[in-house]
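Topology and contacts: notes
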Amino acid sequence: MPGVEVAKVETMRLVDETQAVGNLRSRQGVMLRPEISGRVKQMLVADGQKVRKGQLLVQFDDQLPQAQLAQSRAELSIAEANHKRNVELVAQNFVSKRSADESAAALEVAKARLALSEATVQRLKILAPFDGTVGLRQVNVGDYLKDGADIINIEDMDALLVDFRLPERFQSRIRPGQSAQVEVDALPGQKFTAQIQAVDPLVDANGRSVGLRGCIDNRRMQLRPGMFARVNAIFGVREKALVIPEEAIIPQGGRSFVVKLVPGEKPEEQVSQRVAVVTGLRLPGRVEVIEGLAVGDTVVTAGHQRLQKDGTAVRVIDMSRGRPGAGGPGAGAPGAPAGAASAPAGGASAAGAAPAGAPPMAGAGPRGPGMGGAGGPGMGGRPGGPGAARPMPALEGPNPCLRG
């Protein structure tokens, strides 16, 4: 009777994901520049100051435009009086209707000149286009600037965008609304959740990649535009996926098979049965089985060459009992019989999997070093673990990523 090593089909939490790199950028960011030339009269904002939409930031010298504005207002007042007088005279038949038409046209010209003067004065004021934080100013009071010169940048950092690219083979699996885990080198061990907002419809012909844009809630101001980001794009999470050791898979002719043990004709006898399976994700030392097996099935992990045909009676070898220093059943050896422990700790969690029944991580992200696992040195999502950080208070108000 041939001896074989076996393992049970187990369930694990698997995260279907892929890695990429990208850059952080402001949800809204602009370099303020003047539309016309002029001399800086006032700088009404300090470097790094938070500003509100419509707030006056820079005032240019407007002495001459203000004089032109006053002249335009006076001309408009005269044109209105002349037109009113001509309308009254036409009603009394003292002047022709042509005089009233000419005064009406002169009134419209005066109104246009006033609007032009007001626009010129308004262009000498630099206003904040949206709520944000200003950067470092490039000019000082008294500088003469030409139109288009850099003055100061303003960034809306309540929400940050992360732009990254994935190979074109993923284009059918990515869609807006999916989540991604973002890590930056400046904050090691911390994970941030980004929501995919848009997928570029154009595939880059050079790199054969698809552009994606995600949004991160940054109301705690931990992140800054321009940071280098490492992105884990998450396509889906399967809480109870079936997994077996990878050594149980027998590839043949483009298909995958396993040898399953089933009850024989005699009591307590186990015989072999060759079963075709459909595999899914591959983890270090483990393979997901989509079709062909059920939870609790026993598969052969070593000794396949001794099983030439189905129905061969086998003898199960418990390697955990024969190995020196083994802790007996439950030591976690691959191929342990029913009741033995699963794979060594950390072997699957680093690949985005966790044993069945493990508490799900916030954000449905992968579990691994620095990703909020129990007692891990990462975000400290579980208070009380070694090195766990104090959890941050919940943010108030709507997510800025949901703004229009």
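Note that residues are indexed from 1 along each chain, following the sequence as it is written. Local features in a predicted model are, by the rule used here, given only for residues with pLDDT of at least 70; side-chain atom pairs are given and counted only at 80 or more, and totals for whole chains, interfaces and linings are based on all residues. As a rule here, side-chain values come from all non-hydrogen atoms in the structure, and water together with hydrogens is ignored.

**Notes on unusual backbone geometry**
In this structure, asparagine 93 is a non-glycine residue whose phi angle is positive, near 65 degrees. On the secondary structure map, asparagine 93 appears in the loop between helix 1 (63-91) and helix 2 (97-123). Each helix is a run of H or I in the DSSP string that is no shorter than four residues. Each strand is a run of E no shorter than two, and both are numbered from the N terminus.

**Details of helix 2**
To estimate the expected span of a helix, subtract one from its residue number and multiply by 1.5 Å. In this model, helix 2 (27 residues) spans 40 Å end to end at C-alpha, consistent with the 39 Å of a helix rising 1.5 Å per residue. Of the positions making up helix 2, those classed as buried are Ala100, Ser103, Leu107, Ala110, Leu114, Ser117 and Val121. Residues of helix 2 that are buried in the fold lie against helix 1 and strand 6 (125-127). When accessible area is computed with a 1.4 Å probe and restricted to protein chains, residues below 20% of their type maximum are described as buried, those above 50% as exposed, and intermediate ones as partly exposed. The contact rule is simple, with two residues in contact once any of their heavy atoms fall within 4.5 Å.

**Details of the sheet that holds strand 8 (residues 144-145)**
A pair of strands is treated as paired once DSSP finds two or more bridges between them. Spatially, the 4 strands line up as an open sheet ordered 6-5-3-8, and their pairing is antiparallel. Lying at the two open borders of the sheet, with one neighbouring strand each, are strand 6 and strand 8.

**Quick word on the side chain of glutamate 155**
Counting through the fold element by element, glutamate 155 comes out in strand 9 (residues 152-167). Here glutamate 155 occupies a buried position and makes no salt bridge, while the nearest side chain of opposite charge, arginine 25, is found at 7.9 Å. Among the polar contacts listed, one links the side chain of glutamate 155 to the side chain of serine 26, at a separation of 2.5 Å. Apart from the residues lying within four places of it in its own chain, the contact partners of glutamate 155 are Ser26, Gln28, Gly29, Val30, Phe130, Gly132 and Thr133. By the counting scheme adopted, Arg and Lys are positive, Glu and Asp are negative, and His together with the chain ends is not counted. By definition here, a salt bridge exists when the distance from a side-chain nitrogen of Lys or Arg to a carboxyl oxygen of Asp or Glu is within 4 Å. We call two N or O atoms a polar contact when they sit within 3.5 Å, provided that within protein one can donate a hydrogen and the other can accept it, with sequence-adjacent residues counted only if both atoms are side-chain atoms.

**Some thoughts on the packing of helix 1 against helix 2**
To get an axis, a line is fitted to the C-alpha atoms, and for a helix only the part in contact is used. The angle between two axes follows their N-to-C directions and goes from 0 to 180 degrees. At their nearest, the axes of helix 1 and helix 2 sit 8 Å apart, and the two run at 160 degrees to each other. On the basis of their axis angle, the class for helix 1 and helix 2 is roughly antiparallel. Crossing angle aside, the handedness with which helix 1 passes helix 2 is left-handed. Following the grouping adopted for this structure description, the nonpolar residues are Ala, Val, Leu, Ile, Met, Phe, Trp, Tyr, Cys and Pro, the charged ones are Asp, Glu, Lys and Arg, and the polar ones are all others, Gly among them. Class assignment of the residues belonging to the contact of helix 1 with helix 2 gives a composition of 12 nonpolar, 10 polar and 7 charged. Every angle not falling under 35 degrees, over 145, or within 65 to 115 is termed oblique; those three ranges are roughly parallel, roughly antiparallel and roughly perpendicular. A crossing counts as left-handed when the near helix is turned anticlockwise from the far one by less than a right angle, and as right-handed when that turn is clockwise.

**Digging into the state of the cysteines**
When two cysteine sulfur atoms lie within 2.5 Å, the pair is treated as a disulfide. A complete count under the given rule lists 1 disulfide for this structure. Each sulfur of the disulfide joining cysteine 215 and cysteine 401 lies 2.0 Å from the other. Here cysteine 215 and cysteine 401 share a disulfide; its torsion about the S-S bond, -85 degrees, makes the bridge left-handed. You can see cysteine 215 sitting in strand 12 (residues 209-217) and its partner cysteine 401 sitting in the segment after strand 20 (353-355), a full 186 residues away along the chain. On the accessibility criterion, cysteine 215 (2% relative accessible area) is buried. On the basis of relative accessible area, cysteine 401 is assigned to the buried category, the value being 11%.

**Quick word on the nonpolar core**
The nonpolar side chains of a soluble globular protein tend to be buried with one another. Definition used in this section: a nonpolar core is a set of buried Ala, Val, Leu, Ile, Met, Phe, Trp, Tyr and Cys residues joined via side-chain atoms within 4.5 Å. By size, the foremost hydrophobic cluster in this structure holds 25 residues, and its most contacted members are Leu24, Val162, Phe164, Leu166 and Leu223. For this core, the elements supplying multiple residues, two or more each, are strand 2 (10-32), strand 9, strand 10 (179-184), strand 11 (192-204), strand 12 and strand 13 (228-245). For this core, the element with the most residues is strand 9, which contributes 5 residues. With near-sequence residues (within four places) excluded, valine 162 lies in contact with Asn23, Leu24, Val182, Ala194, Leu212, Arg213, Gly214, Ile216, Ala229 and Val231. The next biggest cluster of nonpolar side chains, apart from the first, holds 18 residues, and it includes Leu32, Val58, Ala128 and Ile154.

**A word on the packing of aromatic side chains**
Aromatic rings from Phe, Tyr and Trp, with only the six-membered ring used for Trp, were paired whenever their centres fell within 6.5 Å, and each pair was classed as stacked if the ring planes differed by under 30 degrees, edge-to-face if by over 60, and tilted otherwise. Within this structure, the stated rule accounts for 1 aromatic pair. Aromatic pair phenylalanine 170 and phenylalanine 235: ring centres 5.3 Å apart, planes at 20 degrees, arrangement stacked. Linking phenylalanine 170 in the loop between strand 9 and strand 10 with phenylalanine 235 in strand 13, this pair joins segments that are 65 residues apart in sequence. Accessibility assignment for this pair places phenylalanine 170 and phenylalanine 235 in one class, buried. Put simply, a charge is over a ring when the Lys NZ or the Arg CZ is close to the ring centre, within 6 Å, and near the line of the ring normal, within 35 degrees. Between the NZ or CZ atom of arginine 274 and the centre of the ring of phenylalanine 257, over which it lies, the distance is 4.7 Å.

**Some details on the pattern of salt bridges**
This structure, assessed with the given rule, holds 15 salt bridges. Arginine 33 is the partner of aspartate 150 in a salt bridge, and the nearest nitrogen-oxygen pair spans 2.6 Å. Residue aspartate 150 is found in the loop between strand 8 and strand 9, and its partner arginine 33 is found in the loop between strand 2 and strand 3 (38-43); the two are separated by 117 residues along the sequence. For aspartate 150, a relative accessible area of 35% puts it in the partly exposed group. Arginine 33 gets classed as partly exposed once you look at its relative accessible area, which sits at 43%. Across the pair arginine 113 and glutamate 75 runs a salt bridge whose closest N-O atoms are separated by 3.6 Å. Pair noted here: arginine 113 is in helix 2 and glutamate 75 is in helix 1, with a separation of 38 residues, a long-range link. Taking relative accessible area as the criterion, glutamate 75 reaches 28% and is therefore assigned partly exposed.

**Here's the deal with the environment of glycine 311**
One can find glycine 311 in the loop between strand 18 (298-302) and strand 19 (315-316). As for glycine 311 and glycine 264, which are separated by 47 residues in sequence, their C-alpha atoms are 7.7 Å apart. Excluding residues that lie within four positions of it along the chain, glycine 311 makes contacts with Val271 and Ser272.

**Re helix 1**
Helix length check: helix 1, at 29 residues, gives a terminal C-alpha distance of 43 Å against a target of 42 Å (1.5 Å per residue), a fit within 8%. Buried within helix 1 we find Pro65, Leu69, Ser72, Leu76, Ala79 and Asn86. Where the residues of helix 1 are buried, they touch helix 2. Residue asparagine 93 follows helix 1 closely and has a positive phi angle near 65 degrees.

**A closer look at the pairing of strand 17 (residues 286-291)**
Two elements, strand 13 and strand 17, share 4 bridges in a ladder whose sense is antiparallel. Each residue of the ladder has a partner; that of valine 243, found in strand 17, is glutamate 288. In this structure, strand 16 (residues 270-283) lies alongside strand 17, joined through 4 bridges in antiparallel fashion. Directly across from leucine 283, in strand 17, lies its bridge partner arginine 286. Hairpin connection from strand 16 to strand 17: 2 residues lie between these consecutive antiparallel strands, with glycine 285 at a positive phi of about 85 degrees.

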